[in-house]
Amino acid sequence: MLEEKRAIKPGTLLFPNAVVLVSCSDGADKDNIITIGWPGGIGASPPRIGIPIKRQRYSHGLICKTREFVVNIPTSDQMHAINHCGTVSGRNHDKYLECKLDRVAPTKLRFAPSIGQCPISLECRVEAIWDMGSHDYFVGRIVIAHVAENWLGNDNRVQVRAEQLVALVSGNYYRLSEEQGRSTYS
Ligand SMILES: Cc1cc2nc3c(=O)[nH]c(=O)nc-3n(C[C@H](O)[C@H](O)[C@H](O)COP(=O)(O)O)c2cc1C
């Protein structure tokens, strides 16, 4: 049956979204983690990822300074970290310490550590920063991907454990549960 729709004020009504933990550094002695609910892949070759960050965020200044960040994919046993890193500011909190997360030194970047507990970490160099009004959009070139052994098959293909991932729907977190079929797109 055709649903009748009502026109309302335009908004970014896009659901579900991935939720990621982005780690960054000031290039000296401070590092930080920010929760991002609107990450987006931008092309595959070369692989790029985009993250929108408001200018007032502490992480915004760090990423502008070092021009690097790491996108870490959290799992549903990291709900506290997802929420905490998206609620308090690194200006006056050490989120690695408070969330009991391990800093892992980058292999291609100079400064930004990744998060040991996340199964996937994508080291990114900033290629562009686009002014999007409310947010600046950081376009990151993925220079290396680190994937947990138990998320990898023999041929180095990533075996995503979908049931461990977290989706964000209108401010609520959901754990993905049931596969509904396979895409024929390649
Ligand atoms: C689920 C979730 C998604 C969020 N998504 C974004 C986002 O896409 N962009 C952004 O600038 N802030 C986002 N935030 C807010 C920041 O994570 C939050 O303001 C954080 O405390 C900023 O930390 P910082 O000051 O240490 O950088 C989100 C918060 C949550 C909880």
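Nothing here was measured: the structure is a model prediction, and the numbers come from that model.

Some details on unusual backbone geometry
- Here the residue pair Phe-15 and Pro-16 is connected by a cis peptide bond, since its omega of -10° sits within 30 degrees of zero.
- Within the fold, Pro-16 resides in the segment before strand S1 (17–18).
- The step from Ser-45 to Pro-46 runs through a cis peptide bond, and the omega angle for that step is 0°.
- For Pro-46, the location among the structural elements is in the loop between strand S4 (40–44) and strand S5 (47–53).
- Of note in the backbone geometry, Arg-67 takes a positive phi value of approximately 55° without being a glycine.
- Summarising the element assignment, Arg-67 is placed in the loop between helix H1 (58–66) and strand S6 (68–73).
- Arg-67 sits in the partly exposed class, given a relative accessible area of 37%.
- Its identity is not glycine, yet Asn-156 carries a phi of approximately 70°, on the positive side.
- The residue Asn-156 is located in the loop between strand S10 (136–147) and strand S11 (166–169) in this model.
- When its relative accessible area of 60% is taken as the criterion, Asn-156 is described as exposed.

Brief notes about the nonpolar core
- The biggest cluster of nonpolar side chains holds 22 residues, and the ones touching the most others in it are Val-22, Ile-51, Ile-63, Phe-69 and Val-71.
- For this core, the elements supplying multiple residues, two or more each, are strand S2 (20–25), strand S3 (31–36), S5, H1, S6, strand S9 (120–131) and S10.
- Counting residues per element, this core draws most heavily on S9, which supplies 4 residues.

Digging into the sheet that holds S1
- Pairing within the open sheet is antiparallel, and its 3 strands lie in the order S1-S11-S12. The open sheet has two edge strands with one neighbour each: S1 and strand S12 (172–175).
- By the bridge criterion, 2 bridges tie S1 to S11 in an arrangement that is antiparallel. Of the residues in S11, the one forming a bridge with Ala-18 is Ala-167.

Considering the packing of aromatic side chains
- As enumerated under the stated definition, the model contains 1 aromatic pair in all.
- Ring centres of Trp-130 and Tyr-137 lie 6.0 Å apart, and the angle between their planes is 15°; this geometry places the pair in the stacked category.
- Judged by relative accessible area, which is 40%, Trp-130 ranks as partly exposed.

What counts as what
Residues numbered from 1 in each chain as written. Predicted model: local features only at pLDDT ≥ 70, side-chain atom pairs only at ≥ 80, totals over all residues. Heavy atoms only, no water. Helix = DSSP H or I, 4+ residues; strand = E, 2+ residues; numbered from the N terminus. Buried < 20%, exposed > 50% of the residue type's maximum accessible area, 1.4 Å probe, protein only. Core = buried A, V, L, I, M, F, W, Y, C linked by side-chain atoms within 4.5 Å. Pairing = 2+ DSSP bridges. Phe/Tyr/Trp six-rings, centres within 6.5 Å; stacked < 30°, edge-to-face > 60°.

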